[in-house]
Each structure stands twice: as C-alpha cells, then as structure tokens.
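Here is what each chain is made of, one letter per residue.
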Amino acid sequence: MAASPAGPEPPRAGQEEPRHLVVGHISKAHGTRGEVFIWPLTDNPEAVFVPGAELRLAMPDGGPEPDPEAPPLIVERLRPYRRGLLVKFESLDDRTSVEPLGGRYVSMPVEDLPPLEEGEVFYHQLLEAEVVTVDGRVVGRVREVYETEPAHLLEVKGDGKLHLIPFTEQVVKEVDVERRRIVIDPPAGLLEL
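Note that the coordinates shown come from a computational prediction; the quantities given were computed from them, not determined experimentally.

Caption draft 1: How the structure looks around the nonpolar core. Within the largest apolar cluster, 24 residues are counted, with the highest numbers of intra-cluster contacts made by Val23, Ile26, Phe49, Leu55, Phe89, Leu101 and Val106. The set of elements that each furnish at least two residues to this core consists of β2 (20-30), β3 (35-40), β4 (54-57), β5 (73-81), β6 (84-89) and β7 (105-109). Here the element with the most residues in this core is β2; it accounts for 4 residues. Within the second largest apolar cluster, 19 residues are counted, among which are Leu127, Val145, Val172 and Leu191.

Caption draft 2: Region of the structure containing the sheet that holds strand β10 (residues 138-146). Across the sheet, 6 strands lie side by side as β12-β11-β10-β9-β14-β13; this open sheet has mixed pairing. Looking at the sheet topology across the chains shown, the edges are occupied by β12 (161-166) and β13 (172-176). This sheet shows a mean twist of 30 degrees between the axes of neighbouring strands, independent of strand direction. As paired strands, strand β9 (residues 130-133) and strand β14 (residues 181-184) are joined by 4 bridges and run parallel to one another. Its bridge partner being in β14, Glu130 is matched across the sheet by Arg181.

Caption draft 3: Seen up close, the sheet that holds β4. A barrel is described by the order of its strands in space; here 6 strands give the closed sequence β2-β3-β6-β5-β4-β7, paired in antiparallel fashion. Direction aside, the axes of adjacent strands within the sheet are offset by 50 degrees on average. Across 5 bridges, β2 lies against β7 in antiparallel orientation. Paired with Val22 across the strands is Ser107, a residue of β7.

Caption draft 4: Representation of the packing of aromatic side chains in the model. Counted by the stated rule, this structure contains 2 aromatic pairs. Residues Phe37 and Trp39 carry aromatic rings whose centres are separated by 5.0 Å and whose planes lie at 90 degrees to one another, so their mutual orientation is edge-to-face. Here Trp39 falls in the partly exposed class, since its relative accessible area comes to 34%. A relative accessible area of 8% means that Phe37 is categorised as buried. Pairwise contacts between aromatic rings join Phe37, Trp39 and Tyr81 into one cluster.

Caption draft 5: Layout of the pairing of β10. Where β9 lies against β10, 3 bridges are found, and the strand directions are antiparallel. In the sheet register, Val132 faces β10, and the bridge partner there is Val138. Between the end of β9 and the start of β10, which pair antiparallel, lie 4 residues, with Gly136 showing a positive phi angle near 95 degrees. As judged from the 5 bridges shared by β10 and strand β11 (residues 153-158), these two strands associate in the antiparallel manner. Each bridged residue has a counterpart across the sheet, and for Arg141 the counterpart in β11 is Lys157. Hairpin connection, β10 to β11: the antiparallel pair is bridged by 6 residues.

Procedures and definitions
Residues numbered from 1 in each chain as written. Predicted model: local features only at pLDDT ≥ 70, side-chain atom pairs only at ≥ 80, totals over all residues. Heavy atoms only, no water. Core = buried A, V, L, I, M, F, W, Y, C linked by side-chain atoms within 4.5 Å. Buried < 20%, exposed > 50% of the residue type's maximum accessible area, 1.4 Å probe, protein only. Helix = DSSP H or I, 4+ residues; strand = E, 2+ residues; numbered from the N terminus. Pairing = 2+ DSSP bridges. Axes fitted to C-alpha atoms, helices over the stretch in contact; angles between N-to-C directions. Phe/Tyr/Trp six-rings, centres within 6.5 Å; stacked < 30°, edge-to-face > 60°.

Now the structure itself:
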C-alpha cells in the first residue's frame, strides 16, 4: 500500500477530480545557463522529469491548475543534484529568464503521469476521506498526509481528537477512493493516544 505525493486540495462533494497534479517545486535559479533547482514532489521523478516532458507553472497561490498566463515549460535536459534535480527548460537560456520561476510549483496533466501501481493512490485522494475501524466505528476524516519513515502517517480528526494513523498494510485494510473511505484495524491503544 502506498501513497504518491503531489496533488491539490481534495475535491469536495460535487467537484471534479483535478486535471493536473503538482509534481515539483522550483526552488531557485542555479548558475548562469538557465538551470533551476527542483524538489521533485513525486515518487517517480525519473518518469516525470524527462527531456520533452511538458510541465506547466501552477497558479501562484500553489493550486495545481496551470497558470493561464504562463507558457508551457518543456524539459530540455536534467541532472541529479543533491536531493533534487537541476532542470533546463527549452528557450530559457540564462539566469535572468529563469529567476522569476523561483518559488513556483510545476504541474502536469494527470493523463501524462505514469500510471499508479496496484494499491497506490495519490495523496489528494486520501484527504477528507472518512476513516472507520473494521467494526464500523467512525474515527474521523483525513486532514493531512505526512511522508515519514518508515511509513506515511494520516492525520485524522474526529470527535475533538487528532489521531496519527500509520498508512501501512497492517493498519489500513481498505482504501475506497470512489467513496472516499478508509477502513483501518488499529492496534490496541492507537486511538486512545
């Protein structure tokens, strides 16, 4: 069971699923030849950040939908650097042309992303999901997903309490994306913390 980062606010009742997902954050310009440092926000950066890939700057407020004022960014080349990537986009050939990109997120259409493996979900599909125990007790709703080691954690709020639930096969027994429902079998004492 795995969750892939990236994504927007979850759709509320009656809203459509997002058409774009955030895949990286442009930290800043790097050097003088038009490269930017990007923190990948995907489990598969090697499949997303490839030469020829078309990325879009997300809206300035951080939402995943593309900024209609910004042209597409086509990846020309990239290389690993520290814990991120140095990316050069086509037609942006110097530091001056990429400096305005610093601090912005880049998104990609959902249909262009690599398919999820069986049992994987996007983080945004977990947000606002109702969490219930295997015996039907309502725990609350997922407010946040934390990418931690050795397992991701779901922050679940309900009945005035906040719970941190490990997102592992031992605890999470079912994730129903369509119904936005997660069934858990918590170990003794987890919900009393």
